[in-house]
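Take a look at the letters that make up each chain.
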Amino acid sequence: MSNTLEGKTVLVTGASSGIGQATALALSKAGAKVAVGARRTDRLKALAQDAPGEVLVLDLDVTDRQSVQDAIAATVDRFGALDALVNNAGLMLSGMITNADTTEWTRMVETNLLGSMYTIHAALGHLLRSKGAVVQISSTSGRTASAGGGVYAATKFGITAFSEALRQEVTTQGVRVIVVEPGFVATELTSHITDPAMQAAAKGMAESMRTLRSEDIAGAVLYALTQPEHVAVNEILIRPTDQAR
């Protein structure tokens, strides 16, 4: 990637809301051709109408390897190349380990961790050809685990480990790997929580601080992707000023 996104192609997963949606719009405003993937394609179509540039809407389930491969193929078929991948799809189903519904663990591991790995695997050949970039949207939970967030944190720690191994593998071939670790962001992520106590705790935390906005994280992604080719911003940690942990 160069220090301009004009004419570059970027695929954003989990683009139907929150950070993914804001990032897709920011990339489009910066001149990129953007492919947006998610399961809620009605929201993606609305996003495409709001974006100033060309946007490809993709019905994408990152837990399904065929769906991922089809999305990458469709992006390259439409735009001719892939210059960057923003792995944003994820969910947070907070809850204590004791008496947990382990099907929620499976959903988080499949979406947050395996989903990002599948997408990188499918995209990597194209990114090596374009000397592109991978952006992994992680979390402060990828640095510090807390009671009630053990499995979510495990997926984010896993993203960090996988990303560092990937960075070492591809950096000398011109591909940059960027991990963005947001703190508390005002998105619908916490609405997925099924545990009433955990949902109340998340609500209380949000009310206790000036939370980040999705656009704040989109700005960080844009910053990292528009650095000169010899500059690799490998990690960006962003917390609300009011967030202590």
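Only a predicted model underlies this, so the values are computations on that prediction, with no experimental measurement involved. (Residues numbered from 1 in each chain as written. Predicted model: local features only at pLDDT ≥ 70, side-chain atom pairs only at ≥ 80, totals over all residues. Heavy atoms only, no water.)

Asks: Mind showing me how you'd approach the overall build of the protein here?
Replies: Looking only at helices and strands, one finds seven helices and seven strands in the protein. Its helices and strands in sequence order give the protein the pattern β-α-β-α-β-α-β-α-β-α-β-α-α-β, from N to C terminus. Computed over C-alpha atoms, the radius of gyration of the protein comes to 17 Å, within 12% of the 18 Å expected from 2.2 N^0.38 for 245 residues, which places it in the range of a compact globule. Seen through its principal axes, the protein has C-alpha atoms that stretch 50 × 35 × 30 Å. The buried share of the protein, reckoned over its 245 residues, is 49%. Long-range pairs, those at least 24 residues apart, make up 69% of the contacts in the protein with a sequence separation of at least 6. The distance from the centre of the 21 positive side-chain charges to the centre of the 24 negative ones in the protein is 4 Å. (Helix = DSSP H or I, 4+ residues; strand = E, 2+ residues; numbered from the N terminus. Rg over C-alpha atoms; globule rule 2.2 N^0.38 Å. Buried < 20%, exposed > 50% of the residue type's maximum accessible area, 1.4 Å probe, protein only. Contact = heavy atoms within 4.5 Å. Lys, Arg positive; Asp, Glu negative; His and termini not counted. Charge placed at Lys NZ, Arg CZ, Asp CG, Glu CD.)

Asks: Mind showing me how you'd approach the pairing of strand 1 (residues 9–13) here?
Replies: Within a regular strand, side chains alternate between the sheet's two faces. Of all five residues in strand 1, five are buried, a share of seventy percent or more. Pairing of strand 1 with strand 2 (residues 33–38) involves five bridges; the strand directions are parallel. The residue of strand 2 that forms the bridge with Thr-9 is Lys-33. Handedness of the crossover joining strand 1 and strand 2 through helix 1 (residues 18–29): right-handed. Sheet topology note: the strand 1/strand 4 (residues 84–87) ladder contains three bridges and is parallel. Among the inter-strand pairings, Val-12 is bridged to a residue of strand 4, identified as Val-86. (Pairing = 2+ DSSP bridges. Right-handed = clockwise from strand over helix to strand, strands pointing away.)

Asks: Just checking my understanding: could you explain the packing of helix 1 against helix 7 (residues 214–225) for this structure?
Replies: Helices that pack against each other are described as a pair by the angle of their axes relative to one another and the distance between those axes. Running from N to C, helix 1 and helix 7 point in directions that differ by 50°, and their axes come no closer than 8 Å. As summarised for this structure, helix 1 and helix 7 are arranged oblique, according to the angle between their axes. Classified by chirality, the crossing of helix 7 by helix 1 is right-handed. Residues Gly-18, Ile-19, Ala-22, Thr-23, Ala-26 and Leu-27 of helix 1 lie in contact with helix 7, whose contacting residues are Ser-214, Glu-215, Ile-217, Ala-218, Val-221, Leu-222 and Leu-225. Among the residues forming the contact of helix 1 with helix 7, the class breakdown is nine nonpolar, three polar and one charged. (Axes fitted to C-alpha atoms, helices over the stretch in contact; angles between N-to-C directions. Parallel < 35°, antiparallel > 145°, perpendicular 65-115°, else oblique. Left-handed = near helix turned anticlockwise from the far one by under 90°. Nonpolar A, V, L, I, M, F, W, Y, C, P; charged D, E, K, R; others polar.)

Asks: I would appreciate a short explanation of the pattern of salt bridges in the present structure.
Replies: Side chains that differ in charge, positive against negative, can pair when their charged atoms come close. Overall, the coordinates contain six salt bridges when judged by the stated rule. In this structure, the salt-bridge partner of Glu-235 is Arg-143, at a minimum N-O distance of 2.9 Å. Of this pair, Glu-235 sits in strand 7 (residues 235–238) while Arg-143 sits in the loop between strand 5 (133–137) and helix 5 (150–170), and the two are 92 residues apart along the sequence. Take Glu-235: its relative accessible area is 43%, and that puts it in the partly exposed class. The residue Glu-164 makes a salt bridge to Arg-167 at a minimum N-O spacing of 2.9 Å. With Glu-164 and Arg-167 both in helix 5 and three residues apart, this pair spans about one turn of that helix. The class of Arg-167 is partly exposed, set by a relative accessible area of 22%. (Salt bridge = Lys/Arg side-chain N within 4 Å of Asp/Glu carboxyl O.)

Asks: Mind showing me how you'd approach the sheet that holds strand 6 (residues 176–182) here?
Replies: In a beta sheet, neighbouring strands are held together by backbone hydrogen bonds and run either parallel or antiparallel to one another. Spatially, 3-2-1-4-5-6-7 is the arrangement adopted by the seven strands of the open sheet, whose pairing is parallel. The open sheet has two free edges, formed respectively by strand 3 (55–59) and strand 7, since each of these has just one partner strand. Adjacent strand axes in the sheet meet at a mean angle of 15°, parallel and antiparallel pairs treated alike.

Asks: Before we go on, may I ask you to explain the side chain of Thr-119 in this structure?
Replies: With respect to the helices, strands and loops of the structure, Thr-119 is situated in helix 4 (residues 102–130). Judged by its relative accessible area of 2%, Thr-119 is buried.

Asks: So what exactly am I meant to see when it comes to the side chain of Ser-17 here?
Replies: Considering the arrangement of structural elements, one finds Ser-17 in the loop between strand 1 and helix 1. Within the structure, the side chain of Ser-17 is placed 3.2 Å from the side chain of Arg-40, a separation counted as a polar contact. (Polar contact = N/O pair within 3.5 Å; in protein donor to acceptor, adjacent residues only side chain to side chain.)

Asks: Whenever I open this one, the environment of Leu-47 confuses me. Can you help?
Replies: By the secondary structure assignment, Leu-47 is in helix 2 (residues 41–50). Between the C-alpha atoms of Leu-47 and Val-57, which are ten residues apart in sequence, the distance is 9.0 Å. Contacts of Leu-47, omitting those with residues within four sequence positions, involve Ala-15, Gln-21, Ala-24, Leu-25 and Val-36.

Asks: Mind showing me how you'd approach unusual backbone geometry here?
Replies: Most peptide bonds are trans, and most residues other than glycine sit at a negative phi. In the Ramachandran plot, Asn-99 falls in the positive-phi region, its phi being about 60° despite a non-glycine side chain. Note on placement: Asn-99 falls in the loop between strand 4 and helix 4. For Lys-131, which is not a glycine, the phi torsion comes out positive at approximately 50°. Its location among the elements puts Lys-131 in the loop between helix 4 and strand 5.

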